[in-house]
Amino acid sequence: MTEEHPATGPEAVTGPEAPLDQPWNDDDGRALATLVALEEGPGSSNQTCTWFLGRLDVGQPDVRLAAWRIARASMRHRCGETSAYQLWERSITSGSRLSDAERRRVDPFLTSVFGTPESPVPVDHLEGHVAEILWHLLTKESVRDGHTLRNAEGPSFSVTETGGDGLAIWQTDGGDLVFRLWEIKKDTGARHISRTISRACRQLERRSEEYLAKYASVGSRQHGGELGSFYGKLLDLWVEDNSASGVAISIATSRSKAPVRRSFGTLVSTFPEKARDGRLEGLVVAIADFREFAALVRNFVWTGHST
Amino acid sequence: MDRALNLGRLTEALGEGANASPRRLPSPEELQDLLADAEMRLFLRQPEIPVDLIRTGWYLHGVASVNTALELYSYPRQRRAFEISAHIFDLALNDETRSRRERLSLAFGSQVGYRRAELDPNATAMFAIVESQLIREPPIEAHADSLALEAGVALLGFQTSTLFDLYRTWLRQLRAVERQTRLDDLWGTLFGPAQRVVVGCLALLNYLAFGTGENLRRARDSFEEVVVSEFAVGDLDARWVAAHLLDFTGEAEAGSVWQLLPPDIPNVARQAFTLASPPVLTLWPPQRLLFSPRAGPQPLSNEARRVVLNIPTSSGKTLLAQLMIVVHLAQGGGGVCYVAPMRSLGREVRGTLRNRLRVLARELGEELPDFGPQVQLLGGTDSDVSTLGQSQAGADASLSQLLGGLTQAGGLPDVEVMTPERLAHLLRRDSETVLQRYQMFVFDEAHFLAERGRGFTLESILSFLHWRTLETSHRIVLLSAAIGNEGQIMSWLDPAGEGAPLRSEWRGPRRLHAVFTTRPEWEAGSRSRVQSQDWPVRISYPLRGVIRLRPAEGAMPRTLSLSDPVGQLALRYNEQGVLRRTRTQGPKDGPPHSTQQYKMTARMVAALGAFGSVLVVTSTRRIAQDMARELASLFDDNPRASSPADMAIQRLGAAHPLSSVLKKGVAFHHAALPVDVLEELEEALREGTLRFMTCTSTLTEGVNLPVRTVVLAETKWDEAEAMLSGARLVNAMGRAGRAGKESEGWIVLVRAAEERHDDFALMTPAHEELEIRSRLATDEALDALAEFEEVVRRGEDATFAFAAGAISEFLSFVWFLLSSEEDRGVSPDEVDLTGALDSTLAFVQADEQTRTRWRLVGETARSSYIGADPQRRRHWAHSGTSIATARRLDNLAAALVQRILEQFEAEGEGFAGTLADSNGALSLLSVSGALTTLLSLPENERPWRFRQTRAGQSAEISVNPEELLRGWVRGESIPDLAEAFLAAVTEQDWRVEQVVDAVAQHFEHFLAWTLGVLVELVNGRLAQGQTPARLCEELPTYIRYGVDSELGLRLLVSGVRSRRLAHAIATDAAAEHIEGDSLRQWLGAMEIAELRRRFSASSSELLDLLEFTRTPRASVLRDLLEQGRAEVAVHPVVAATPDVRDVDQIGEEDQTTVRPTVTEATTLADLRPVPGEELPPRLGVFSIETEQLIALVPTSVYGEVQSILDTGVPTTGTLREDRLELVLASETD
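Residues numbered from 1 in each chain as written. Chains lettered and ligands numbered in written order. Predicted model: local features only at pLDDT ≥ 70, side-chain atom pairs only at ≥ 80, totals over all residues. Heavy atoms only, no water.

J.: Which parts of the structure should I look at to understand the packing of helix α28 (residues 779-793) of chain B against helix α32 (residues 848-867) of chain B?
T.: When two helices pack together, you describe them by how their axes are tilted relative to each other and by the distance separating the axes. Residues and elements named next belong to chain B. Running from N to C, α28 and α32 cross one another at 55°; their axes reach a closest spacing of 11 Å. In this view, α28 runs oblique relative to α32, as classed from their interaxial angle. Here the hand of the crossing between α28 and α32 comes out left-handed. Contacts between α28 and α32 involve Ala 781, Leu 782, Leu 785, Ala 786, Phe 788 and Glu 789 from the first element and Thr 850, Arg 853, Trp 854, Val 857 and Thr 860 from the second. For the contact of α28 with α32, a count of residues per class yields seven nonpolar, two polar and two charged. (Axes fitted to C-alpha atoms, helices over the stretch in contact; angles between N-to-C directions. Helix = DSSP H or I, 4+ residues; strand = E, 2+ residues; numbered from the N terminus. Parallel < 35°, antiparallel > 145°, perpendicular 65-115°, else oblique. Left-handed = near helix turned anticlockwise from the far one by under 90°. Contact = heavy atoms within 4.5 Å. Nonpolar A, V, L, I, M, F, W, Y, C, P; charged D, E, K, R; others polar.)

The following block contains the structure:
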């Protein structure tokens, strides 16, 4: 999930969206997929690659709402249901500044992906993390015809390591279980999005067995019944190219880089054997200027630090 | 050949095999190729691993990791998949360009694989590779994402000495996060999964170290929580680690000493394994053999009176023996005698046994000479013997007791390690006491039975012990890595068939075999002309070094060439182009002549050093030395090796070749070096300060240390009988791969010949080569038997006609049997000679006709015995020489006694005083010609001869043995002796080598032995008369150790290795009128800095002194482990000023501030070495509150306190005046 950028301070990425309004008051409960107008992408085909595209234009109020949702999900994920989380959320929703003592209670949870205003972490960590949370929220709320989500692995507390980003296991109406191994990337550079997709493909090609091995060792113990057993078979399903196995790539990028035609060709050429029955999937979420969007997420996280 | 890459194993791991999918895995054959290529690239220092290999590794890891309860894969397949994946990850770890997280991940995957595949030492080796990746410094937030991986990697390294502190450090840092966030528990947060993993790891460690079941449950609960909880979903690595450790708790429990050792063994005996270095938390498969169901008594039980263990080197053979010994002692068994035929092995065994026995507050005897002083050796009183196993600290030991191995100031040692020669010597002198003294005899490297020269010594003592203990509870254990006929050996010792031999072929580190040859580049020859009528044309061809590597049995070798030529081949032709049929080799080396083989080998060896220590086995001392010099020429000075280099300069002089090669990190190791120097070299190789060591293949001179790579560079492969064959070859190859340090060892055979397809077969000894055959069954012995029969037929006195060889050894054995029985009151004509001889291996292996012939030899000896003077014949049995020589020595003694009596008559009491002094005794022996007579005995294998140069025909130099002896016992250094006596020798190292040879062969061995016999015979005769005159009875031992005082001797037989230091201390102590065992207290009262300053002691010499000053049978460590608390006396420190000072600033000048002054009433304190000090540092007591140094551990308890620190167990200390109370810290402290 790393893309090399020079580490930049908060000033450089604090976008035009600031000062913040209060999206927690305006949250009408619409699904994130609705906020980003998720729809099947151009050229999507279950005989090559089924992919979805979400777009959210710069300046749309929903940008803030989406950023808030991600900030909240991330902090909930990192703090758990602890008093630290409650302290953080209360300071934001009440508009009160965190005292120094309170900050000390919250700051350890900002480590590695946000940092603090005084000591921010490199933006590519932040952007990668936002991309992962975005994928995870969209996956958890997604509904598919004939498929029920049984489990979605991820997101990681940390984004300093490449790969191992997500695993989604679905159950078909027929009762069969299928999995998609997801590689999640952010795309913020000037180059075409296909470069990022190619990079994700290479990573999957190199390390998919590693991710699956780790998931198998955990899942076969964590879950009972057929789900546990399915986890145990992940590796063989993968190397034998069983129809239950699939691979997918998720890209979080800027609105301006949203693909306008068929994408994920490299995914198809990398895994041609899986290019049927919807076993290759893609997701592109193009939100505003993604770098600024990520900074917006972080500003929400830091609200209590600066109010 | 190693089995790791065998197709059968790869096939089992991969399962059904290849399919048509583009994601398909390699076939077993392809995987074998991939692995072999990767291994090959390692030789070329190209550690990159193909993606397909890594992918396959993770696939196999995934298959292996699936919950076994699901029964998706068979258990054997999962186990094999663990093994192969671990191997692949292990190879990948050589690539240091991988990210830290990935390396940790690969390391953990590899460790889990190795542990689950029962290749435990390799998991420890993986830890060594990534240990530097662990982060101990705060803040923990900075590595929270890798913390679980770090914790898992550390746990599976099993290094208890550092683990407790590591986990407690991390938990302290996590508690700081809890305090900062005001959370009672970090569970549910991003820190939760890793925290639970660390808690689980510490709990599992506590279980493995202390055996508390509650900790095992806590470990399981912690790991399970991480695996099943939704909260942990954001830390996949923590869940992965937890999932594996959850399974591992079950295996660790089943394989731990807490489960496996018999229930009646006290816990502290188990802790002797889990906490002493090297820690053993779970047992390896060969050790588990002791507990596996089998017919007959369990090997650990006292009922198993005969045990034969045949398992490879590096598979924990010695550990297995340690288990038997510790259990034996813990069950109340009597003393243990551990027989190790090689000095190097004896030192290794002693080192590891000492650590374990210390936990038990048991004592290990010191290394004593093969032929002890001719005083009461083991004939202690009943009360002496009854002190075995009891604490009797502070008892003053007489020198004779000390030398006899009877006591170590605190009663009898529980375990003694000795050579077969020493045990034989003790048996000859007093077999009854030996049998009373020891209840268990462990014979390591038992294949020595078949060794030429020493084999029958071992057979005779084994046979005797076996015969005499047929009906007693004594236990005999044979260990070997190379017995081809263990069934026959077992049936020899256990004719009733009560037990079967234990055999295992398990090894931890893999072995990779390679052959090094050179290949001429025929097309690149350069022609020149030389002045020769017959062969005027010389063509020199570059020689390329070629390494062929065979990755697995049956697999085709792979070939790689070294990039630069390693030498040249110069051939001569006549004008017609006809080749002269000899290769121009010899002293004229290098262009325009052919390059000598050892030089070419050195270039290849140099390349291997990048991966770890290399041992090069050569044919002769000369080649070993030349090879070392050549290797050294390829490297710059190595600062790490400066300490051993300084040691060599001090002891051998700067001009000695060892001193110069050591600077480069290269050493040679052979018998022409003093024993203390050899020990230092072994230590340096063990610690990694030396990268290369060359040695000879003679086992007695051999290096017993494991290394990464063994190069078999003998040059006699084409001769009919290679020196390195059979057990010797197995032993040499067994050195490759250090269990726990690396997972792979390389064996490279050097062939000074054309490549041949069967070169690899030279590394596989034939089964019959490994069969142990009695030395009496050899053709040579049977020829001697025929010769004996001929002498008998001629009517001569055959018993005294053989002074060497098999007949002589057999006659001595029979003589000893008769004498030993006579000591028990059995008349010589009633001794059951037939029964005794039937107990020999020779009689088990011989046919009836041959047995009859040997019996006749025995009866001949009996007749001679009966015919000899009853008193004299028993003295002869004590000598250890041939009977013929014993009689000759007795006659010499008679002549000496006559001379003494005459001189005493003439000079009176003054002469008695002169004789009692070592100088006076030496003069008499010299003047009387006795010294010359001794040196001419057939038992002296090396004539007393010194030459101008190494050339065999060079001029001899006359050296007076008496004068050289005097210099030696006066403490003069080897270089000084060399200069004084061999100034005519121009080559400095040849001077030193000849002196070292004389010292090692004549003084330390031959004269110490035969002079000892002579002195005893003389004094025995004198005692029968009225004269008080006696020959100095310590003289032989002074000669053995090169000292001239009792105090010096006391130090040298108690673990101090440096003669120089012993002399320096003895001189100072004598000046202060220190006597006997008070030397220990005198030295123990000095601070380390004083010892260092006063005696100019080096670090290693100080370590020896700290061991010497240790109070025997101190039980601080045992108290701490058994009762949870212990107390030691310390010296409170009052700082020069009351200000808080930086501990680092406290230097030697502060020694003056150490005085027994009362500080605060009680202070919570921490015990640790004073930072920034030279080794060995002082051990300090630091105030927890102020971090100030508040007390110092006195020298007398330094060793005991250090052994507590070595275990790594956490303690909390409280200082009350001059007493430090240590309490075992609980997990929550």
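J.: Help me out: how do you make sense of the packing of aromatic side chains in this one?
T.: In this description, a pair of aromatic rings is defined by centroid distance and the angle of the planes. Evaluated as defined, the whole model comprises 38 aromatic pairs over all chains. Measuring from centroid to centroid gives 4.9 Å for Phe 810 of chain B and Trp 854 of chain B, while their planes differ by 55°, and the two rings are tilted. Remark: Trp 854 of chain B occurs in helix α32 and Phe 810 of chain B occurs in helix α29 (residues 805-823); sequence separation between them is 44 residues. Grouped by ring-pair contacts, the aromatic residues Trp 24, Trp 68, Tyr 85, Trp 88 and Phe 300 of chain A constitute a single cluster. When the ring centre of Phe 1182 of chain B is taken as origin, the NZ or CZ atom of Arg 1168 of chain B, which lies over that ring, is 4.1 Å away. (Phe/Tyr/Trp six-rings, centres within 6.5 Å; stacked < 30°, edge-to-face > 60°. Lys NZ or Arg CZ within 6 Å of the ring centre and 35° of its normal.)

J.: Help me understand the pairing of strand β9 (residues 280-287) of chain A in this model?
T.: Along a regular strand, successive side chains alternate from one face of the sheet to the other. Residue and element names in this part refer to chain A. Of all eight residues in β9, eight are buried, a share of seventy percent or more. Side chains Leu 280, Gly 282, Val 284 and Ala 286 project from β9 onto one buried face, and the interleaved Glu 281, Leu 283, Val 285 and Ile 287 project onto a second face that is buried too. Summarising the sheet, strand β2 (residues 50-56) and β9 pair through seven bridges and their orientation is parallel. Note that in β9 the partner of Phe 52 across the bridge is Leu 283. Inspection of the sheet shows strand β8 (residues 245-253) paired to β9 by seven bridges, in the parallel sense. Residue pairing in the sheet places Ala 248 in a bridge with Glu 281 of β9. Taken together, β8, helix α10 (residues 265-270) and β9 form a β-α-β motif whose crossover is right-handed. (Buried < 20%, exposed > 50% of the residue type's maximum accessible area, 1.4 Å probe, protein only. Pairing = 2+ DSSP bridges. Right-handed = clockwise from strand over helix to strand, strands pointing away.)

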